[in-house]
Amino acid sequence: FREDPTRIIRAIRYEVRLGFHMTQDTLTRMKNAINAGCITRIPGERLRDELVLNLKEHTAYEGILRLFRYGVFSSVWPELTLTTAKKRYIQRIVTGWQSLRKLELNVLVERWLCLLIAVCWTASPSNLGKKSLLLKRKVTSYLGLDKQQSQTLINSEVQIRKAQRIICKKDISASAIYSILDSCNEYAIAIAFLIADSSIAKNRIKRYVNDWKKRKLLLNGNDLK
């Protein structure tokens, strides 16, 4: 583990994929390596590649929990913590992924990036300020994400939270739903759909993507004037 710290991430990946459990001696050695800061010796792009492989696993939910539990994330970004809400969102993204087929999204939404967005989720809306923005920028910079991926990770949570406040309201017009969802990127829409608590919210997102978004107006403002 000290010689090549990426073995830590691979060990967790194979452990959850195959249903194994590390021996106590191996686990102790791994934790000692993590506590010694070995993870921070991994070049950012290599760390990204290893994490992406873990996030693509069908056992990604349990894998993410162990990455948190063993301190892999916090050794690089101490601000990253695992909250109850974050666990719930990660689980819903993993278990509900196939339901995205109900949404006719214009771009291919990759599950690993959705999960990384959830991993960086802020503890509470009140913390969605400079600290949250700084953390997300640290993550994107360290991992060497491209410009589009970086903007997606940085902006999605704010967009999702704004959408959640609107699409769950009882008396809300289609135009209001359209307006708020139209300001969201594809990842924010996909995640908002997957983590929604109510069927009403899910149905409204489906209607926006599959119907309202595709409608073309016959008249514009100048015609009305």
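Please refer to the structure placed before this passage.
Residues numbered from 1 in each chain as written. Predicted model: local features only at pLDDT ≥ 70, side-chain atom pairs only at ≥ 80, totals over all residues. Heavy atoms only, no water.

Caption draft 1: A look at the overall build of the protein. Secondary structure summary: the protein contains 13 helices and zero strands in total. Shown N-terminal to C-terminal, the secondary structure of the protein runs as helices and strands in the order α-α-α-α-α-α-α-α-α-α-α-α-α. Principal-axis analysis of the C-alpha atoms places the extent of the protein at approximately 75 × 35 × 30 Å. A burial count over the protein gives 46% of its 225 residues as buried. Only carbon and sulfur atoms are counted for the fraction: they give 51% of the accessible area of the protein, which is about 12300 Å². (Helix = DSSP H or I, 4+ residues; strand = E, 2+ residues; numbered from the N terminus. Buried < 20%, exposed > 50% of the residue type's maximum accessible area, 1.4 Å probe, protein only. Areas by Shrake-Rupley, 256 points an atom, 1.4 Å probe, with all protein chains shown as cover.)

Caption draft 2: Just helix H4 (residues 60-69), in detail. Most of H4 sits out of view: seven of its 10 residues are buried. Burial in H4 covers these residues: Ala-60, Gly-63, Ile-64, Leu-65, Arg-66, Leu-67 and Phe-68. Each element contacted by the buried residues of H4 is listed here: helix H1 (6-18), helix H3 (44-56), helix H5 (72-76), helix H6 (84-95) and helix H7 (111-119). Immediately beyond the C-terminal end of H4, within one or two residues, lies Gly-71, with a positive phi of roughly 90°. (Contact = heavy atoms within 4.5 Å.)

Caption draft 3: Structural context of the environment of Gly-144. Among the structural elements, Gly-144 can be located in the loop between helix H8 (130-143) and helix H9 (147-167). With relative accessibility at 33%, the residue Gly-144 sits in the partly exposed group. Taking C-alpha positions, Gly-144 is 7.6 Å from Arg-48, a pair spaced 96 residues apart along the chain.

Caption draft 4: Quick look at the state of the cysteines. On inspection of all chains with the given rule, the structure shows zero disulfides. Not part of a disulfide, Cys-114 finds its nearest cysteine sulfur in Cys-120, a span of 13 Å. Cys-168 takes part in no disulfide bond, and the closest cysteine sulfur to it belongs to Cys-184, at a distance of 13 Å. Using a relative accessible area of 47% as the deciding quantity, one classes Cys-168 as partly exposed. (Disulfide = S-S within 2.5 Å.)

Caption draft 5: Main features of the side chain of Asn-54. Structurally, Asn-54 can be placed in helix H3. The class of Asn-54 is buried, set by a relative accessible area of 5%. Within the local environment of Asn-54, its side chain forms a polar contact with the side chain of Arg-13, the two groups lying 2.6 Å apart. Those residues within four positions of Asn-54 in sequence are excluded, and the remaining contacts are Ile-9, Ile-12, Arg-13, Ala-60 and Leu-67. (Polar contact = N/O pair within 3.5 Å; in protein donor to acceptor, adjacent residues only side chain to side chain.)

Caption draft 6: Region of the structure containing H3. The terminal C-alpha atoms of H3 lie 18 Å apart, and with 13 residues this matches the ideal 18 Å at 1.5 Å per residue to within 8%. Among the residues of H3, Gly-44, Leu-47, Arg-48, Glu-50, Leu-51, Val-52, Asn-54 and Leu-55 are the ones counted as buried. In the core, the buried residues of H3 are packed alongside H1, H4, H5, H7 and H8. (Expected span 1.5 Å × (residues − 1).)

Caption draft 7: Summary view of the packing of H1 against H4. With their axes 9 Å apart at the nearest point, H1 and H4 run at an angle of 140° to one another. Looking at the two axes, H1 sits oblique to H4. The way H1 lies across H4 gives a crossing that is right-handed. Touching Ile-12, Glu-15 and Val-16 of H1 are Glu-62, Gly-63, Arg-66 and Leu-67, all from H4. Partitioning the contact of H1 with H4 into residue classes produces three nonpolar, one polar and three charged. (Axes fitted to C-alpha atoms, helices over the stretch in contact; angles between N-to-C directions. Parallel < 35°, antiparallel > 145°, perpendicular 65-115°, else oblique. Left-handed = near helix turned anticlockwise from the far one by under 90°. Nonpolar A, V, L, I, M, F, W, Y, C, P; charged D, E, K, R; others polar.)

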